Amino acid sequence: MAMKTLIRNGMLIDPAAGVHTRLNLLIEDGRVVDVTRGTPNADRVIDAAGRIVCPGFLDIHMHEDPVLPDGTIYADPEKAIFRCMLRMGVTTAVAGNCGENKYHPADYLDIVDRDGAAVNVAMLAGHGWFRAEAGATDKYAPATEAQIDAMTDGIRESLTRGCLGVSYGIRYIPGMNSEELRRTAAPAQSGNKLVAAHIRSDAEEVFDAAREFLDACEPLHVPVEVSHIGSMAGFGQMERFLTLVDSYRAGGMDVKCDCYPYDAFSTGIGETTYDPGWLERYNCGYDVVELAEGKYKGQRCTEETFEEMRRDFPECTTICYVMQQEDVDLAFRHPGVLIGSDGTLSAGQGHPRAAGAFPRVLGRYVRAGKLTMDDAIARMTALPAQQLGLSRKGTLRVGADADVVIFDPDTILDRATFEQPLLSPVGIDYVLIGGEIALDNGEVRRTDAGRAVRR
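Read on for a plain summary of the structure. (Residues numbered from 1 in each chain as written. Predicted model: local features only at pLDDT ≥ 70, side-chain atom pairs only at ≥ 80, totals over all residues. Heavy atoms only, no water.)

Comments concerning the packing of aromatic side chains
Rules: Note on aromatic contacts: the rings of Phe and Tyr and the six-membered ring of Trp form a pair at centre separations within 6.5 Å, being stacked when their planes are under 30 degrees apart, edge-to-face when over 60 apart, and tilted otherwise. Secondary structure is summarised from DSSP: a helix means a run of H or I of at least four residues, a strand means a run of E of at least two, and numbering begins at the N terminus for each. Exposure categories follow from relative accessible area, calculated using a 1.4 Å probe and restricted to protein chains: below 20% of the type maximum is buried, above 50% is exposed, and the middle band is partly exposed. By the criterion adopted, a ring carries a charge over it if an Arg CZ or a Lys NZ lies within 6 Å of its centre and within 35 degrees of its normal.
This model, assessed by the stated rule, comprises 13 aromatic pairs. Centroid distance phenylalanine 57 to phenylalanine 358: 5.7 Å. Interplanar angle 10°. Geometry classified as stacked. Residue phenylalanine 57 is found in strand β8 (residues 57-59), and its partner phenylalanine 358 is found in helix α12 (residues 353-366); the two are separated by 301 residues along the sequence. Like phenylalanine 358, phenylalanine 57 is buried. Taking the centre distance of 5.6 Å and the plane angle of 85° together, the rings of tyrosine 274 and phenylalanine 306 count as edge-to-face. On the criterion of sequence distance, the pair formed by tyrosine 274 in the loop between β15 (265-268) and α9 (278-282) and phenylalanine 306 in helix α10 (residues 303-312) is long-range, its members being 32 residues apart. Neither residue differs from the other here; tyrosine 274 and phenylalanine 306 are each classed as buried. Through a chain of ring-to-ring contacts, the aromatic side chains of Tyr274, Trp278, Tyr286 and Phe306 assemble into a single cluster. In this structure, arginine 353 packs its charged tip against the face of tyrosine 260, placed 4.7 Å from the ring centre.

So, helix α13 (residues 373-380)
By the criterion of burial, α13 is predominantly enclosed, with six of the eight residues buried. Buried residues of α13: Met373, Ala376, Ile377, Ala378, Arg379 and Met380, and no others.

Focus on the nonpolar core
As a reminder, the rule being used: For our purposes a nonpolar core is just a set of buried Ala, Val, Leu, Ile, Met, Phe, Trp, Tyr and Cys residues, chained together by side-chain atoms within 4.5 Å. What makes two residues a contact is simply this: any of their non-hydrogen atoms within 4.5 Å.
Phe82, Ile199, Phe213, Ile229, Phe241, Leu362 and Phe407 are the most contacted members of the largest nonpolar core, which has 123 residues in total. If we skip the residues at most four places from it in the chain, isoleucine 229 touches Gly234, Met238, Phe241, Leu242, Cys257, Asp258, Cys259, Ala331 and Val337.

Some points on the sheet that holds strand β6 (residues 44-47)
Hydrogen bonds along the backbone pair up the strands of a sheet, which may run parallel or antiparallel. The criterion, for reference: In short, DSSP must find at least two bridges between two strands for them to pair. Simply put, an axis is a line fit to the C-alpha atoms, just over the touching stretch for a helix, and the angle between two N-to-C directions goes from 0 to 180 degrees.
With mixed pairing, four strands are arranged side by side in an open sheet as β5-β4-β1-β6. The sheet is open, and its two edges are formed by β5 (31-36) and β6, each paired on a single side. Each adjacent strand pair in this sheet contributes to an overall mean axis angle of 20°, direction not counted. With four bridges connecting them, strand β1 (residues 4-8) and strand β4 (residues 24-28) associate as antiparallel partners. Opposite threonine 5, over in β4, you have isoleucine 27 as the bridge partner.

Quick notes on the sheet that holds strand β17 (residues 317-320)
Spatially, β15-β17-β16 is the arrangement adopted by the three strands of the open sheet, whose pairing is antiparallel. The open sheet has two edge strands with one neighbour each: β15 and β16 (289-291). Adjacent strand axes in the sheet meet at a mean angle of 30°, parallel and antiparallel pairs treated alike.

Remarks on the side chain of glutamine 147
The topology assignment puts glutamine 147 in helix α4 (residues 145-160). When residues no more than four places from it in sequence are discounted, the contact partners of glutamine 147 are Ala134, Gly135 and Ala136.

A look at the pairing of β4
Among the five residues of β4, four are classified as buried, and the element is accordingly described as predominantly covered. Here β4 pairs with β5 via five bridges, running antiparallel. Looking at the pairing, leucine 25 lines up with valine 35 of β5. Counted between consecutive antiparallel strands, the loop separating β4 from β5 contains two residues, among which aspartate 29 sits at a positive phi close to 55°.

Put into structure tokens, the structure is as follows:
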């Protein structure tokens, strides 16, 4: 007989069900089997007095760990991003964003099912990965008809095998056009799956970039996601940008955005973000860029070090301090904006969002009165699950998957910094994945409870 777990005395917040009250949760065989004021018998009891009990956080935008030569997923205890996700309360991570996959996305899901993972893993089919597979390796050149057909076939097959949608990094492939976008996104119509994109440009160029993406997707009638809008419109454009997106939503388009709670972005120094013109676009100098790896780690760039690293170490992770905090705050006040970490790590180096985004929202937005607790939790649970069509995630209704976070609303806080991006948060008591205790008072107890999430 399966073990029964009772979580009692906590404040249950489940925005999907409209619940915010003191109720007990009974879990058995990986599912919620009862939500009650009573205290049914259980094999294991967790006392959540003084704590909030809510669905596990769903990170709709992150970047997965790589697959090693032996066919297993990178799982360093401290540096693997799925471990970081678990420590900050994420129970389901949606990987393969910005058009990037580290491995064939459907095969990646098979590996997760075979070996387990620190969190549940869903995948998007990255257009950029399939573009390279089709032989269209010049990111500045258009693809041929045959190449577009090949990538469309590959994306369609991955969606058939359970990937939740298709993602694009239009910024990173300037040679792609709207025709390539429309044709390769069309397979998402079967199953009404998500189409997400890092759009072509940012700052004052963000409006044309958004129109390009949204106009191409509008005829598909599928859910659409504009990725990490803080780093796209967070330079003084946010209010106008949200108005533009709202005009599509008002016209009947199912479009949402995601955002992370920081005022600096991260990308490789060799990426097209830093192609000529970036200084003018951001109205800045080279010193806004901090190098997160290599011999100048922790240093701000000069023109000389920028050019040297872009030439000799194009993969070097950078932090770019050009976003405006008030624009990020404005994004989080909009009902169509979800929380996504955009977490990505390179052997433990990167942006603190990979280890701190979700506790940061609860500690620095909710406690500061910028968001209500229910609103914040909804943006981390019910709303992304709805956007992805995952009926058993993002809620603790009877029958839902028993993915649960128990945290102290008075102490939860991120600790990760740009200098120490892997520091674990505080204030999270338990994380349960499929009813199994995966995190206990900050200590990782299970690293294989996560499963592939398919639809």
